[in-house]
Amino acid sequence: MNGTLTLPGLIDAHVHLREPGATHKEDCRTGTAAALAGGFNTILDMPNNQPPLTNLEVLRCKQALFSTKALCDYGLFAGYDPRQPQALTALAPYVVGLKLYLDTTFASAALTSEALDAVFRDWPGPGPIAIHAESCSIPLALELAARHHQRLHVCHVPQPDDLLVIDRARQAGTQVTCEVTPHHLLLTTEDERRLGAFGRMKPPLLAPNLVDLLWQRLALVDIIASDHAPHTIAEKTGPEPAPGVPGLETTLPLMLQAVDEGRLSLDRLLELLHHAPARIYGLPFDSGQVEIELTSYTLPAAGYHTRCGWTPFAGKRALGIIRQVTLRSTVVYNDNQVLVRPGFGRNVVHN
Ligand code: DOR
Ligand code: ZN
């Protein structure tokens, strides 16, 4: 591929912009600048902030931060606090979905099966229940979604075999969709050896043979999302490095490179980065566009808009320089420059 490519406004359906609570890693402005620089005009932000978005008070605080600082459009996920289960009903109209951490990986304690059953029973929607789950918890979530007629979205599928489990449930009528990240597709445990903490995230990278399987089963995947989870270089080199890697600015050029290598079609990439996230989360299909110059290059180690300032993909081949991003008929980004003021971004949920 060469020349210029124009695509509809892309959506990153899974990011952690760290505000409130950890603005030394990222904030609403730097995170949404990274989104625009990466060709995305809409992002969906996860609730694991400090404090987590599990009640109306934190929702109002986070809405205020985004409405004054965001450069691109955004949606917020609600989280769940077992001590405030009734908050879910109040939060539901204002969020794109409910994010649940099913295992002890991020929640302080695993949810009891009674609590989980009640959440699936009581979540009013309209957004889906999105889960962070280890492979062993996915069957239970599928069963609960089927029992309570909920839409389920499995974030960053941890293993290629999980795709088969999810597909079987889908064939049997469960409303389930799923997502993979560029790092699970393009990095392996061999890269992790080289990258150390900079190659560690949850779920962890896969062995090369499992990465191959993930590619072979890509037809079963609905969304590619970055799981942009910035941590500072100091934190990553410190005694207890937190898991997570940034990804907003590398997803599109890396995936276009994969298209160029014949690993998936451009139509399929558009489905994964635009149509499917819009359909699953009820977002507009015509929010704008991104113009890309199809130049081939090697991803640099630095020079990104994200505050964390690094990428696990440095040195990887990439295709496509993001030249221009439009959002709601306004040019918001052109040649490395953000052209709008913080606060231009709007909540995609209009309640
Ligand atoms: O590695 C991860 N880091 N996985 C997640 O699900 C959360 C994230 C974070 O917030 O840092
Ligand atoms: Zn995440």
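Our subject in this report is the structure included herewith. What you see is a predicted model; the values in this text were computed from it and never measured.

### So, the overall build of the chain
Then, in step 1: Secondary structure summary: the chain contains twelve helices and 13 strands in total.
Then, in step 2: Rg of the C-alpha trace for the chain: 19 Å, near the compact-globule value of 20 Å for 351 residues, within the 12% margin.
Then, in step 3: If you line up the chain on its principal axes, its C-alpha atoms span 55 × 45 × 45 Å.
Then, in step 4: Taking all 351 residues of the chain together, the buried fraction comes to 58%.

### Some words on the nonpolar core
Then, in step 1: Membership of the largest hydrophobic core comes to 97 residues, with the highest contact counts inside it found for Leu-100 and Leu-152.
Then, in step 2: Among all residues touching Leu-100, those that are not within four sequence positions of it are Tyr-80, Leu-111, Leu-116, Val-119, Phe-120, Ile-129, Ala-130, Ile-131 and His-132.
Then, in step 3: Ala-13, Ala-276, Tyr-281 and Val-348 belong to the second-largest nonpolar core, a separate cluster that totals 18 residues.

### Notes on the state of the cysteines
Two cysteines form a disulfide when their sulfur atoms are joined by a covalent bond.
Then, in step 1: A complete count under the given rule lists zero disulfides for this structure.
Then, in step 2: Just so you know, Cys-136 is unpaired, no disulfide at all, and the nearest cysteine sulfur is the one on Cys-155, 16 Å from it.
Then, in step 3: Cysteine Cys-308 is unpaired, with the sulfur of Cys-28 as its nearest cysteine sulfur at 16 Å.

### Quick notes on the site of ligand 1
Then, in step 1: The environment of ligand 1 is made up of 13 residues, and the closest members are Arg-18, Asn-48, His-132, Lys-202 and His-231.
Then, in step 2: A distance of 3.4 Å separates an oxygen atom of ligand 1 from a polar side-chain atom of His-16.
Then, in step 3: The backbone of Pro-243 places a nitrogen or oxygen atom 3.0 Å from a nitrogen atom of ligand 1.
Then, in step 4: Here ligand 1 has 290 Å² of accessible area as a free molecule, and 98% of this is covered by the chains.
Then, in step 5: For the shell around ligand 1, the per-class residue count stands at four nonpolar, six polar and three charged.

### What about the sheet that holds strand β13 (residues 337-338)?
Then, in step 1: The strand order across the open sheet formed by five strands is β1-β10-β11-β12-β13, and the pairing between neighbours is antiparallel. Either end of the sheet is taken by a strand with one partner, and the two such strands are β1 (4-8) and β13.
Then, in step 2: Across nine bridges, strand β10 (residues 288-298) lies against strand β11 (residues 317-327) in antiparallel orientation. Note that in β11 the partner of Gln-289 across the bridge is Thr-326.
Then, in step 3: On top of the sheet, helix α11 (residues 251-260) reaches β1, β10 and β11; it is set at about 125 degrees to β11, its chief contact.

### Remarks on unusual backbone geometry
Then, in step 1: Cis geometry marks the peptide bond from Glu-19 to Pro-20; its omega dihedral reads 5 degrees.
Then, in step 2: Phi angles above zero are rare outside glycine, and Asp-227 is one such case at about 50 degrees.
Then, in step 3: Here Asp-227 is to be found in the loop between β9 (223-224) and α10 (233-237).
Then, in step 4: Judged by its relative accessible area of 6%, Asp-227 is buried.
Then, in step 5: In this model, Asn-336 sits at a positive phi of 75 degrees, which is unusual for a non-glycine residue.
Then, in step 6: Considering the arrangement of structural elements, one finds Asn-336 in the loop between β12 (330-334) and β13.

### Points about the pattern of salt bridges
Then, in step 1: Considering all chains together, one arrives at 17 salt bridges under this definition.
Then, in step 2: We note a salt bridge from Asp-45 to Lys-62, for which the minimum N-O separation is 2.6 Å. One end of the pair, Asp-45, is in strand β3 (residues 40-45); the other, Lys-62, is in helix α2 (residues 56-69), and 17 residues separate them in sequence.
Then, in step 3: Here Asp-45 falls in the buried class, since its relative accessible area comes to 0%.
Then, in step 4: For Lys-62, a relative accessible area of 0% corresponds to the buried category.
Then, in step 5: In this structure, a network of salt bridges that share partners links the residues Glu-19, Asp-27, Lys-69 and Arg-307.

### Structural notes on the sheet that holds strand β8 (residues 176-180)
Then, in step 1: Reading across from one edge, β2-β3-β4-β5-β6-β7-β8-β9 is the order of the eight strands in this open sheet, with parallel pairing throughout. Bordering the open sheet on either side are β2 (10-15) and β9, each of which pairs with just one other strand.
Then, in step 2: Two elements, β2 and β3, share four bridges in a ladder whose sense is parallel. Of the residues in β3, the one forming a bridge with Asp-12 is Ile-43.
Then, in step 3: In the packing of helix α5 (residues 138-147) onto the sheet, contacts are made with β6 (129-132), β7 (152-154) and β8, and the angle to β7 comes to roughly 165 degrees.

### Observations concerning the environment of His-231
Then, in step 1: Checked against the element boundaries, His-231 lands in the loop between β9 and α10.
Then, in step 2: Taking the C-alpha atoms as reference points, His-231 and Glu-26, separated by 205 residues in sequence, lie 8.1 Å from one another.
Then, in step 3: With residues near it in sequence (within four places) discarded, His-231 still touches Arg-18, Lys-25, Lys-236, Ala-242, Pro-243, Gly-244, Cys-308 and Trp-310.
Then, in step 4: At 2.7 Å, the side chain of His-231 and the backbone oxygen of Pro-243 are in polar contact.

### Notes on the coordination of the zinc ion (ligand 2)
Then, in step 1: Coordination of the zinc ion (ligand 2) by the protein is provided by His-14 (NE2), His-16 (NE2) and Asp-227 (OD), with metal-donor distances spanning 2.0 to 2.2 Å.
Then, in step 2: Taken in chain order, the donor set of the zinc ion (ligand 2) reads H-x1-H-x210-D. Like His-14, the residue His-16 is buried in the burial classification.

### What to know about α11
Then, in step 1: Of all ten residues in α11, nine are buried, a share of seventy percent or more.
Then, in step 2: All of the buried residues in α11 are Thr-251, Leu-252, Pro-253, Leu-254, Met-255, Leu-256, Gln-257, Ala-258 and Val-259.
Then, in step 3: Gly-262 lies just past α11 and shows a positive phi near 80 degrees.

Cut-off values and rules
- Residues numbered from 1 in each chain as written.
- Chains lettered and ligands numbered in written order.
- Predicted model: local features only at pLDDT ≥ 70, side-chain atom pairs only at ≥ 80, totals over all residues.
- Heavy atoms only, no water.
- Helix = DSSP H or I, 4+ residues; strand = E, 2+ residues; numbered from the N terminus.
- Rg over C-alpha atoms; globule rule 2.2 N^0.38 Å.
- Buried < 20%, exposed > 50% of the residue type's maximum accessible area, 1.4 Å probe, protein only.
- Core = buried A, V, L, I, M, F, W, Y, C linked by side-chain atoms within 4.5 Å.
- Contact = heavy atoms within 4.5 Å.
- Disulfide = S-S within 2.5 Å.
- Near = heavy atom within 4 Å.
- Polar contact = N/O pair within 3.5 Å; in protein donor to acceptor, adjacent residues only side chain to side chain.
- Areas by Shrake-Rupley, 256 points an atom, 1.4 Å probe, with all protein chains shown as cover.
- Nonpolar A, V, L, I, M, F, W, Y, C, P; charged D, E, K, R; others polar.
- Pairing = 2+ DSSP bridges.
- Axes fitted to C-alpha atoms, helices over the stretch in contact; angles between N-to-C directions.
- Salt bridge = Lys/Arg side-chain N within 4 Å of Asp/Glu carboxyl O.
- Donors = N, O, S within 2.8 Å, 3.2 Å for Na, K, Ca; no water.

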